[in-house]
Amino acid sequence: MSNFRKIRGFSDIMGAEARKFRLMEETASIVFSRYGYDELRLPLLERTELFARSIGSDTDVVQKEMFTFPDRKGRYVTLRPEATAGAVRAYIENKLYAGQNLTKLFTVGPMFRYERPQKGRQRQFHQVNAEAFGSASPLLDAEMVLMLWTYLSELGLTDLTLQINSLGCRACQPEYAKRLQEYLRDTDADDFCSDCSERRERNPLRLLDCKQTQCQELMHEAPSMLDCLCESCRPHFHTVLDNLQRMGIAFEVNSRLVRGLDYYQRTTFEVMSGEIGAQSSVAGGGRYDDLVRQLGGPDHPAIGFACGMERLSLLLDDPAPAETDFYVAILDGDGLPEGMRICEDLRRKGLRGEMSYETASLKSQIRHADRIGAHYCIFLGRDELESGRLTVRDMGSGEQYQREAETLPEFLGR
RNA sequence: GUGGGUGUAGCUCAGAGGUCAGAGCACCAGGUUGUGGCCCUGGGAGCCGGGUGUUCAAAUCACCUCACCCACCCCA
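Because the structure is predicted, anything quoted here is derived from the model rather than measured.

A.B. asks: What's the story with the pattern of salt bridges in this structure? I'm lost.
C.D. replies: Inspection of every chain in the model, using the stated rule, returns 26 salt bridges. Between R382 and D334 there is a salt bridge, with its nearest N and O atoms 3.1 Å apart. Pair noted here: R382 is in helix α14 (residues 382-387) and D334 is in the loop between β12 (324-330) and α12 (336-348), with a separation of 48 residues, a long-range link. Relative accessible area serves as the criterion here: at 41%, R382 is assigned to the partly exposed category. On the basis of relative accessible area, D334 is assigned to the exposed category, the value being 53%. Where R389 meets E404, a salt bridge forms, and the shortest distance between an N and an O atom there is 3.1 Å. Taken as a pair, R389 in strand β15 (residues 389-394) and E404 in strand β16 (residues 400-404) lie far apart in primary sequence, 15 residues in all. The structure contains a network of salt bridges with shared partners spanning D141, R266, R287 and D289.

A.B. asks: Help me understand the protein's contact with RNA strand B, please; the structure alone is not making it clear to me.
C.D. replies: In the vicinity of RNA strand B there are 46 residues, among which R113, R199, G260, D370 and Q400 approach most closely. In RNA strand B, atoms within 4 Å of the protein come from the sugar-phosphate backbone in 54% of cases. Contact between RNA strand B and Q118: a phosphate oxygen at 3.2 Å from a side-chain N or O atom of the residue. Here K363 contributes a side-chain N or O atom positioned 3.3 Å from a base oxygen of RNA strand B. The dominant element in the surface near RNA strand B, judged by the number of residues it contributes, is helix α13 (residues 362-371), at 7 residues. Class assignment for the residues of the surface near RNA strand B results in 12 nonpolar, 15 polar and 19 charged.

A.B. asks: Help me understand α12, please; the structure alone is not making it clear to me.
C.D. replies: Helical periodicity: at 3.6 residues per turn, an α-helix aligns residues three or four positions apart in one direction. Over its 13 residues, α12 extends 18 Å from the first C-alpha to the last, a length consistent with the 18 Å expected when each residue adds 1.5 Å. For α12, every residue scored as buried is listed here: G339, I342, C343 and L346. Taken down its axis, α12 places every buried residue within 100 degrees of arc, on the same side. Projecting away from the buried face of α12 at angles above 90 degrees are the exposed residues P337, M340 and R348. Packing partners of the buried residues in α12 comprise β12, β13 (353-355), β14 (374-380), β15 and α15 (408-413). G350 occupies a position one or two residues after α12 and carries a positive phi of about 95 degrees.

Cut-offs applied
- Note on numbering: residues in each chain are counted from 1, in written sequence order.
- A letter from A marks each chain and a number from 1 marks each ligand, given out in the order of writing.
- Reporting in this predicted model follows two pLDDT cut-offs: at least 70 for local features of residues, and 80 or more for side-chain atom pairs to be given and counted; totals over whole chains, interfaces and linings ignore these cut-offs and use all residues.
- Excluding hydrogens and water, the side-chain figures rest on all heavy atoms present in the structure.
- A carboxyl oxygen of Asp or Glu within 4 Å of a side-chain nitrogen of Lys or Arg is what we treat as a salt bridge.
- Put simply, DSSP marks the helices as runs of H or I at least four residues long and the strands as runs of E at least two long, and each gets a number from the N terminus on.
- Here's how the labels work: a residue is buried when its accessible area is under 20% of the maximum for its type, exposed when over 50%, partly exposed in between, all with a 1.4 Å probe on protein chains only.
- We call a residue near a molecule or strand whenever a single non-hydrogen atom of that residue lies within 4 Å of it.
- Think of a polar contact as two N or O atoms within 3.5 Å of one another; within protein, one of them needs to be a possible hydrogen donor and the other a possible acceptor, and neighboring residues in sequence only count if both atoms come from side chains.
- Only Asp, Glu, Lys and Arg are considered charged in this grouping, and only Ala, Val, Leu, Ile, Met, Phe, Trp, Tyr, Cys and Pro are considered nonpolar; every other residue, Gly among them, is considered polar.
- To estimate the expected span of a helix, subtract one from its residue number and multiply by 1.5 Å.
- Along the arc lie the directions from the helix axis toward the C-beta atoms.
- Note on contacts: a residue pair qualifies if any of its non-hydrogen atoms lie within 4.5 Å across the two residues.

What is shown is where atoms sit, not what they do.
Here is the structure:
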């Protein structure tokens, strides 16, 4: 085996897997455009500072999962670990807000996080993202979730669960943090798992979604963010839920749904599957109403989501490859030029097929035609060259016909 | 970053210190068949993941390392 092997967590996407990726991309483009979204293609590399400022310098993503390195002039750059930061940067930098009050964008492509690979988790992974800027309307939140759900449905995915929560805004979050800390003060640090006892002070929200049973029991009685929503956030959340209900979207409100990226506020949501192992979250998103301003842009609210393509892929059936209409089997070396002409003529008529580039035995030619799934095998040997009529074999029935080359497109196209 | 599992032919795997490293499937050639699928004969193929050590002798034992898989963690 060669010494040149792919590096850890990076994979070659090919065959049925590549066809799934194409399906996910094309479906996204079709569905999202119905909702008014335009494609945005972002750089893979951005200044490290952009991610630290938007995702949060205290998060795991920024602290230990980014591919960060100095460029040739010593400036720190990072392979994007997610898409929102870059989309916000592009929104501000290109003044996409000018002349319109709503900007809807989607983007597809690779993301990079330095994590230990496992099922549904690679170091280079791929996301479908949608971001909408400029409206704080709860109807936009509902539409975003609806669009995501429609997208997943059109991919044929059922058996998914949608969870939704509100994290509150900068007005009500401090009040909740205070209440949560008061609650935690009455618990014993040693009763939590080691991770939770450490982050109890620094990042108490994280204790809410710890999977350890002892932590879940301790947090069972913890105050809920939903009880602390301010006079603005509470009706906003309820309007979102009302509209989802009206649109027939089934969801669960989960007040413990916490997102690991600091910029999320108000409505947050996650789509999960029970069939793909531990990495069960296939999509997630929410509002980030303060982020544009924080990154130096206008005070525009925004909302978005990301879909993990590798995880969706685990749920998709293998799409069949394109059908092969014909195979031109050359049985005599003199037939090679004519075979190529016939082959090319058929392709120009829109048919799909291949030819043998060298002569081979009839037996192996037929086997090859069978293997590539050709519907018809066209023989070109000594007899055919002399008579000017080709032998066409129907690979399904085994029947054979004599045909002039000119009549082939019509014959095969039926 | 932490744990557990696995690395032998293109694929699935057997071989557990001692003849030139094996099977099935796949592939190639030939035979048979009504010009493919069934059957028969033959063939090509392998840094036994890599390295170091122990031994007269290592795919096999020890240590190191790399990769893959699963889980923790984190997230999509």
